[in-house]
Amino acid sequence: MADIADGAQLEMKGSGSKPYILKNTGGVYSCSCPAWRNQSVAIERRTCKHLRKVRGDEAEDARVSASETSAPAKPAARNVRPRAGTSEDADTAVPPLLLAHSWENDVDLTGWWMSEKLDGVRAYWDGKQFLSRQGNPFFAPDWFTEKLPDFPLDGELFGGRKKFQRTVSVVRRQDRGEEWKELAFVIFDAPGLDAPFEERLARCQQFVEDVAPPYAEWLPHEPCKGVTHLREELARVEGLGGEGLMLRQPGSRYEAGRSHTLLKVKSFKDDEARVVGHVAGAGRHKGRLGALEVELRDGTRFSVGTGLSDAERENPPQVGTIITFRYQELSNDGVPRFPSYVGVRIDAAPFAPVATRKRA
């Protein structure tokens, strides 16, 4: 049987007028057909008749079986919480990550611990492997995880400022390849340590300095001196291409879920949306994507036409993909104003189908 080379794609005629697009990205195979898109399992475990026709049943069965075998075993109860809407004995579980609220100028942040908000992929090291926010494994090479501890660490897989999409493309690969050398695991918390934030951060710093894992580093923090200091640091970070700032309340404990002890500060807001269609381009974009038709979780639909590279317009995110976008504010109708594409979100919870509420 034939195969699809890494980074390549091919077309296959389907039942509609447009052919289906089959791809291989680092061993992650995909198809644009509805049967592949609508499966509720992780993308590396999906298959369809078109992939089977190209690669053969034996190769596809082996690939899917290997993905299932590599999936994370359910961690101990103290380290996980069930995915929302599932039972306690569900097969999948998500790490008990601490999540941030946005700062709305309603809290005096003087004395809070301030750090750069990294534009990478959140990763939870459970002592054996990296897990995404949704509990899916990241297939890091052994040399990347060398010397990481047997206790949990919370951090970010980070490829540098303005490199979010490249980071995503590396993290989603399954071949444990050399591309991981472009990334670092930036550690900012030790969830398993029942202690105030200052002690947990010191544990992270001490671990990195004493053990010196080759691809891990700790994220520096400094006390916020007030609003002026906050605004100056925000301008500095954003001027370098950073995403914003994170503020941690002094003495706070690590807790699962969204907490007001962790606040994010950015000039622009961001959100997630599901791709529901492709708008054809005009002018210099004729013959390729002009904009993504997207839908928020509440059914609000609008178009995202800026922020896309030429390569992304030639090969846009498939329908059903969850993307991240930035915007300035919401209109009176709740529609994001001046939305700009950031990238594909690989660790987002899938959207439940909803009735369309409004169209921008």
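The structure this text deals with has already been given above.
Computed from a predicted structure; not experimentally measured.

## Things to note about the state of the cysteines
Inspection of the entire model under this criterion finds 0 disulfides. Here Cys48 is not cross-linked by a disulfide; its sulfur's nearest cysteine counterpart is in Cys33, at 3.8 Å.

## Topic: the pairing of strand 7 (residues 113–117)
With 4 of its 5 residues buried, strand 7 lies for the most part within the structure. Bridge analysis of strand 7 against strand 14 (residues 222–223) gives 2 bridges, and the strand direction is antiparallel. For Met114, the partnering residue across the bridge sits in strand 14 and is Glu222. Relative to strand 15 (residues 244–248), strand 7 is paired through 5 bridges, and the arrangement is antiparallel. In the sheet register, Met114 faces strand 15, and the bridge partner there is Leu247.

## Some words on the sheet that holds strand 11 (residues 153–158)
One open sheet accounts for 6 strands, arranged 10-9-8-11-12-13; its pairing is mixed. Pairing within the sheet leaves two strands with one partner each, and these edge strands are strand 10 (137–138) and strand 13 (216–218). Relative to strand 11, strand 8 (residues 121–125) runs antiparallel, the two sharing 5 bridges. Looking across to strand 11, one finds that Trp125 is bridged to Leu153. Contacting strand 11, strand 12 (184–189) and strand 13, helix 6 (residues 197–211) runs over the sheet at an angle of about 150 degrees to strand 12.

## Examining the environment of Arg55
Take Arg55: it is sitting in helix 2 (residues 49–55). Separated by 52 residues in sequence, Arg55 and Asp3 have C-alpha atoms that sit 5.2 Å apart. In this structure the side chain of Arg55 is engaged in a polar contact, spanning 2.9 Å, whose partner is the side chain of Asp3.

## A word on helix 7 (residues 227–239)
For helix 7, built from 13 residues, the straight-helix expectation of 18 Å at 1.5 Å per residue is met to within 8% by its first-to-last C-alpha distance of 18 Å. Of all the positions in helix 7, only His229, Leu230, Glu233, Leu234 and Val237 are classed as buried. Looking straight down helix 7, one finds that the buried residues subtend no more than 130 degrees of arc, so they occupy a single side. Turned more than 90 degrees away from the buried face of helix 7, the exposed residues are Thr228, Glu232, Ala235 and Gly239. As for helix 7, its buried residues are in contact with strand 7, strand 14, strand 15 and strand 16 (257–265). Positive phi shows up at Gly241, right after helix 7, with a value of about 95 degrees.

## So, the layout of surface pockets
Where empty space is left can be seen by rolling a probe of water-molecule size over the atoms. The space that makes up the second largest pocket amounts to roughly 1,200 Å³. Around the second largest pocket, the lining comprises 49 residues; the ones closest to its centre are Leu99, Arg133, Arg258, Lys264 and Arg345. Every element with two or more residues in the lining of the second largest pocket is listed here: strand 6 (98–102), strand 7, strand 8, helix 5 (164–171), strand 15, strand 16, strand 17 (269–280) and strand 20 (322–327). Counting residues per element, the lining of the second largest pocket draws most heavily on strand 6, at 5 residues. Split into classes, the residues belonging to the lining of the second largest pocket amount to 22 nonpolar, 7 polar and 20 charged.

What counts and how
- Residues numbered from 1 in each chain as written.
- Predicted model: local features only at pLDDT ≥ 70, side-chain atom pairs only at ≥ 80, totals over all residues.
- Heavy atoms only, no water.
- Disulfide = S-S within 2.5 Å.
- Buried < 20%, exposed > 50% of the residue type's maximum accessible area, 1.4 Å probe, protein only.
- Helix = DSSP H or I, 4+ residues; strand = E, 2+ residues; numbered from the N terminus.
- Pairing = 2+ DSSP bridges.
- Contact = heavy atoms within 4.5 Å.
- Axes fitted to C-alpha atoms, helices over the stretch in contact; angles between N-to-C directions.
- Polar contact = N/O pair within 3.5 Å; in protein donor to acceptor, adjacent residues only side chain to side chain.
- Expected span 1.5 Å × (residues − 1).
- Arc of directions from axis to C-beta.
- 1 Å grid on protein atoms, 1.4 Å probe; cavity = no way out; pocket = protein on both sides within 12 Å on 5 of 7 lines; lining within 4 Å.
- Points joined across faces, edges and corners; volume = space filled by probe spheres on them.
- Nonpolar A, V, L, I, M, F, W, Y, C, P; charged D, E, K, R; others polar.

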